[in-house]
Number of protein chains: 2
Amino acid sequence: MAGIEEVARATGVSTATVSRALRGLPNVSDKTRAAVRRAADELGYVASSSASGLASGRTLAMGVVVPSVSRWFYTQVLEGVDAELRGASYDMILFNLGGHRGDRERVFHRSILRKRTDALLALCLDFTPAEREQLATLGHPTIVVGGPVKGLRSVGIDETSTAYTATSHLISLGHTDIAHLGGEDEEGLNSQVPIGRLHGFNDAMRDAGIVVRPEWVIPGGFSLPESRAAMNRLLDRPGPRPTAVFAGSDEMAFGAILAAGDHGLRVPEDLSVIGIDDHDYAAGFGLTTMAQDPFEQGATAARILLDELGGAEPRVSSVSSPVSLVVRSSTAPPR
Amino acid sequence: MAGIEEVARATGVSTATVSRALRGLPNVSDKTRAAVRRAADELGYVASSSASGLASGRTLAMGVVVPSVSRWFYTQVLEGVDAELRGASYDMILFNLGGHRGDRERVFHRSILRKRTDALLALCLDFTPAEREQLATLGHPTIVVGGPVKGLRSVGIDETSTAYTATSHLISLGHTDIAHLGGEDEEGLNSQVPIGRLHGFNDAMRDAGIVVRPEWVIPGGFSLPESRAAMNRLLDRPGPRPTAVFAGSDEMAFGAILAAGDHGLRVPEDLSVIGIDDHDYAAGFGLTTMAQDPFEQGATAARILLDELGGAEPRVSSVSSPVSLVVRSSTAPPR
DNA sequence: TTGAAAGCGATACCAA
DNA sequence: TTGGTATCGCTTTCAA
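Definitions and limits used
- Residues numbered from 1 in each chain as written.
- Chains lettered and ligands numbered in written order.
- Predicted model: local features only at pLDDT ≥ 70, side-chain atom pairs only at ≥ 80, totals over all residues.
- Heavy atoms only, no water.
- Helix = DSSP H or I, 4+ residues; strand = E, 2+ residues; numbered from the N terminus.
- Rg over C-alpha atoms; globule rule 2.2 N^0.38 Å.
- Buried < 20%, exposed > 50% of the residue type's maximum accessible area, 1.4 Å probe, protein only.
- Contact = heavy atoms within 4.5 Å.
- Domains from an automatic or database assignment.
- Buried area = accessible area lost by both parts, 1.4 Å probe.
- Salt bridge = Lys/Arg side-chain N within 4 Å of Asp/Glu carboxyl O.
- Polar contact = N/O pair within 3.5 Å; in protein donor to acceptor, adjacent residues only side chain to side chain.
- Nonpolar A, V, L, I, M, F, W, Y, C, P; charged D, E, K, R; others polar.
- Near = heavy atom within 4 Å.
- Phe/Tyr/Trp six-rings, centres within 6.5 Å; stacked < 30°, edge-to-face > 60°.
- Lys NZ or Arg CZ within 6 Å of the ring centre and 35° of its normal.
- Least-squares fit on C-alpha atoms with pLDDT ≥ 70 in both.
- Pairing = 2+ DSSP bridges.
- Axes fitted to C-alpha atoms, helices over the stretch in contact; angles between N-to-C directions.
- Core = buried A, V, L, I, M, F, W, Y, C linked by side-chain atoms within 4.5 Å.

Enquirer: Would you explain the overall build of chain A in this entry?
Expert: Looking only at helices and strands, chain A features 13 helices and 12 strands. Over its C-alpha atoms chain A spans a radius of gyration of 25 Å, topping by over 25% the 20 Å that the globule rule assigns to 335 residues. Overall size of chain A, expressed as C-alpha extent along the three principal axes, is 85 × 40 × 30 Å. The proportion of buried residues among the 335 residues of chain A is 54%. Intrachain contacts of chain A at a sequence separation of at least 6 include 73% that bridge at least 24 residues.

Here it is as structure tokens:
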């Protein structure tokens, strides 16, 4: 609770020197610095972030905007971001959109613009032109993780080619009756992600000369329960069934696997399933998937922002994060 | 980017009035308030949090300390906290311990003490006496979610009775050969949680006159992979096998279910499994479990802190959150 | 109801 | 290497 003045008094130097000493700035004698440090420790002094933020213009905090915090991908990115921020002694302000459209405006209007942060990292969001303009006038370094955004650099995988590879894996096993469990257009989220994955699917099918059945392209909302229900409805339908499913995310793939079980179908004998992510549970489900590394993506994005805050040249180009096919036991040739 | 002075100038009133008008304080004429609001909107003025924090002593931010962000329980609590904070226009500063002991000190020393927050909410943490003292001198309202902490009020379930009920469910089905998959003493985390659950297990067994086999009480680290491995090791051992498992969390229960599959055992015919949580995936796994509501717990805790920040009397007692047995298909009488 | 002015607690420039 | 001091942008008495 001690202020800088008390430390100055205890040390017999000015507050200016205390400030310099504690922040590790040059031009402070070792002796003085040591004395100041000792006094600060004893008095339990820590600079008030409001005061130093006001005086210096830097908050030493990074804003992170997430659509929600309870999806595997987001949690992994958050851990990656956090790891970098810790190293730089930056704090993280978490802006959770929580699904509501109205709150999104609140975040932009009240919180982000309050200059509580020095930089902004957004997850899987799309921005309206107005929002992008606000960000621009703020003058903060900004970056997006997960999904390309027009006018902003981003860190993420190549959605289309990843989906292409996943679909091709099924095709190369001999499947032609392939369904796609995709993401819906969740409001405010980055629609480029599900769209890119759908494109990759369509491209792979077309290149293999396979016709896509529209009724086999169904929305799974990026969630297990929704996907399970959607897949169950598909399997309920009379007529031919798909022999394989390309799910746009592992969580949706889990839903497909469970739906197969609901219908007494075995995976992979009766139904092959492939996903995207390499979720923590993917190995448990024996899921074949396109592995990506969201932790690394978050860390990379945070590092880019921190570097720029440190004076580095802004990098304009986006970063493409690697993916790899991990074959497990959920895919096999059709019987 | 406009400052309060510009709004004042544009409106023809003083900065004091602008401040009052924008914050909804009384004693401002409707006409003036409207004019100020309009000018602020047009100029895109939003008060700087550093400046108002410095002047008022309130940051309008709540600190939330989490052991990690990638565990189901934590994400749910976070969503609950966030929902309340949004309603109160509070921002969330997320302090992620990320498992490292050293960073924990950093959080306490540098971040929390920097007065960046008005209150502190901690998840499943235990505090050292020194840490508790620091918190006390800070003078912030503080609360814990998930696990009782000596000297601090908390919001959470009754660990012991919950575990007791879960174990009793297995016993009532006729099981006597029951294993317990528990949490390990993760460093810095609240050890009262796994300990309470173990106690409940032991009590239920004792009350039923069943002797607990120490070699059937194994650690699962609150994670699926660890639990799967631990359970596999248990099942690998020669001699009798348990007919049921009480897992201290759903994620550990999932691990047990997968391990059963690894050994060709059917659930529930060969092995009954019960967990605690009602994880999003519990229904998918058909898991019988003790359901709790972490979202609600987080919201409740946040509300308590917000109320106190708003001037309410501090509540000293802890809040016990309800649980309920949800029977699905993972438990049945032994064969 | 409104305004004037004194802080809030640091930082950063300019001198010494 | 150090100190003095203006300054950051807002809030909050105290008067008017």
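Alright, that's what it looks like, and here's the rest.
Enquirer: Would you explain the domain arrangement of chain A in this entry?
Expert: The accessible area lost on association of the parts is a frequent measure of interface size. All names here are of chain A. When the domains of chain A are assigned, the result is domain 1 (1–47), domain 2 (56–156 + 294–320) and domain 3 (159–292). Computed over C-alpha atoms only, the centres of domain 2 and domain 3 are separated by 30 Å. Opposite the 17 residues of domain 2 that make contact, domain 3 presents 18 residues. Overall, the association of domain 2 and domain 3 removes approximately 1,300 Å² of surface from exposure, summing both partners, and the carbon and sulfur fraction of that is 50%. Remark: the boundary between domain 2 and domain 3 carries zero salt bridges. Between the two partners, domain 2 and domain 3, sit six residue pairs in polar contact (both at pLDDT 80 or more). The set of elements that each furnish at least two residues to the side of domain 2 that touches domain 3 consists of helix H5 (72–87), helix H6 (101–111) and helix H13 (294–309). Top element by residues in the side of domain 2 that touches domain 3 is H5. It accounts for four residues. Considering only residue class, the side of domain 2 that touches domain 3 consists of nine nonpolar, four polar and four charged.

Enquirer: Hey, could you run me through the protein's contact with DNA strand D in this one?
Expert: Around DNA strand D sit 25 residues in total, of which A:Ser14, A:Asn27, A:Thr32, B:Ile4 and B:Ser19 are the nearest. Contacts to DNA strand D include A:Arg20, whose side-chain N or O atom sits 2.9 Å from a base nitrogen. A total of four residues in the surface near DNA strand D trace back to one element, the largest contributor, which is helix H4 (residues 49–56) of chain B. Of the residues assigned to the surface near DNA strand D, the class counts are 11 nonpolar, 11 polar and three charged.

Enquirer: Please explain the protein's contact with DNA strand C as it appears in this structure.
Expert: Surveying the vicinity of DNA strand C reveals 26 residues, the closest of which are A:Ile4, A:Ser19, B:Ser14, B:Asn27 and B:Thr32. Atoms of DNA strand C within 4 Å of the protein: sugar and phosphate make up 68%, bases the balance. In this structure, a phosphate oxygen belonging to DNA strand C sits 2.6 Å away from a side-chain N or O atom of B:Asn27. Ranked by residue count, the leading element in the surface near DNA strand C is helix H4 (residues 49–56) of chain A, at five residues. Residue classes in the surface near DNA strand C are distributed as 12 nonpolar, 11 polar and three charged.

Enquirer: Would you explain the packing of aromatic side chains in this entry?
Expert: What describes a pair of aromatic rings is the distance from one ring centre to the other and the angle between the planes of the rings. One pass over the structure, following the stated rule, counts 10 aromatic pairs over all chains. For the ring pair A:Tyr281 and B:Tyr281, a centre distance of 5.8 Å and an interplane angle of 65° mean the geometry is edge-to-face. Of this pair, A:Tyr281 sits in the loop between strand S9 (272–277) and helix H12 (282–285) while B:Tyr281 sits in the loop between strand S9 (272–277) and helix H12 (282–285), which puts the two residues in different chains. For the residue pair A:Tyr281 and B:Tyr281, the accessibility class agrees, reading buried in each case. In textbook terms, an aromatic cluster arises when at least three aromatic residues are bridged by ring pairs, as seen for A:Phe254, A:Tyr281, A:Phe285, B:Phe254, B:Tyr281 and B:Phe285. The side chain of A:Arg213 reaches across the aromatic face of A:Trp216, ending 4.4 Å from its centre.

Enquirer: Would you mind going over the relation of the copies chain B and chain A with me for this structure?
Expert: Superposing chain B onto chain A requires a rotation of 180° together with a translation of 0.0 Å along the rotation axis, leaving an RMSD of 0.1 Å. Such a combination of turn and shift is consistent with a two-fold rotation axis.

Enquirer: What should I look at first to understand the sheet that holds strand S6 (residues 178–182) of chain A in this one?
Expert: Hydrogen bonds between backbone groups are what pair the strands of a sheet, and the pairing can be parallel or antiparallel. All names here are of chain A. Here we have six strands laid out as an open sheet, ordered S7-S6-S8-S9-S10-S12, and mixed in their pairing. Every other strand in the sheet has two partners, leaving strand S7 (217–219) and strand S12 (324–326) as the edge strands with one partner each. Here the strands of the sheet are splayed against their neighbours by 20° on average, with no regard to which way each runs. Where strand S10 (residues 288–291) lies against S12, three bridges are found, and the strand directions are antiparallel. Its bridge partner being in S12, Met290 is matched across the sheet by Leu325.

Enquirer: Where do I start with the nonpolar core in this structure?
Expert: The nonpolar side chains of soluble globular proteins are, as a tendency, buried together. Counting residues in each nonpolar core, the largest one holds 94 residues, and the members touching the most others are A:Val64, A:Leu121, A:Phe127, B:Val64, B:Leu121 and B:Phe127. Those residues in contact with B:Leu121 that sit more than four places away from it in its chain are B:Met62, B:Gly63, B:Val64, B:Val65, B:Val81, B:Ile143, B:Val145, B:Gly298, B:Ala301, B:Ala302 and B:Leu305. In this structure, A:Leu265, B:Val193, B:Leu235 and B:Leu258 belong to the second largest nonpolar core, which totals 56 residues.

Enquirer: Is there a simple way to think about the interface of chain B and chain A in this case?
Expert: In this assembly, 54 residues from chain B lie in contact with 54 residues from chain A. Both sides together, the interface formed by chain B and chain A hides about 4,700 Å², and carbon and sulfur atoms give 51% of it. Counting the contacts that link chain B with chain A gives two salt bridges. Our count for the contact surface shared by chain B and chain A stands at 22 residue pairs in polar contact (both at pLDDT 80 or more). Residue composition of the side of chain B that touches chain A, by class: 23 nonpolar, 19 polar and 12 charged. Pairing analysis gives three bridges linking strand S2 (residues 91–96) of chain A to strand S2 (residues 91–96) of chain B, with the strands arranged antiparallel. The residue of S2(B) that forms the bridge with A:Ile93 is B:Ile93.

Enquirer: I'm lost on the sheet that holds strand S10 (residues 288–291) of chain B in this one. Help?
Expert: Residues and elements named next belong to chain B. Strands sit in the order S7-S6-S8-S9-S10-S12 across an open sheet of six strands; the sheet is mixed. Since the sheet does not close on itself, it has two edges, and those belong to strand S7 (217–219) and strand S12 (324–326), each with one partner. This sheet shows a mean twist of 20° between the axes of neighbouring strands, independent of strand direction. Most of the contacts of helix H8 (residues 159–172) go to strand S8 (residues 244–247), to which it runs at about 170°, and overall it touches strand S6 (178–182), S8, S9, S10 and S12.

Enquirer: Please explain the pattern of salt bridges as it appears in this structure.
Expert: Two side chains of opposite charge can pair, provided their charged atoms sit close to one another. In the structure shown here, the tally under the stated rule is 26 salt bridges over all chains. Note that A:Asp207 is salt-bridged to A:Arg206, the shortest N-O span being 2.9 Å. Here A:Arg206 falls in the exposed class, since its relative accessible area comes to 53%. Note that B:Asp82 is salt-bridged to B:Arg86, the shortest N-O span being 2.5 Å. Within this pair, B:Asp82 and its partner B:Arg86 are both found in helix H5 (residues 72–87), separated by four residues, close to a single helical turn. The class of B:Asp82 is buried, set by a relative accessible area of 3%. Under the relative-accessibility criterion, B:Arg86 is labelled buried at 10%. Taken together, the salt bridges that share partners define one network made up of A:Glu84, A:Arg303 and A:Asp307.

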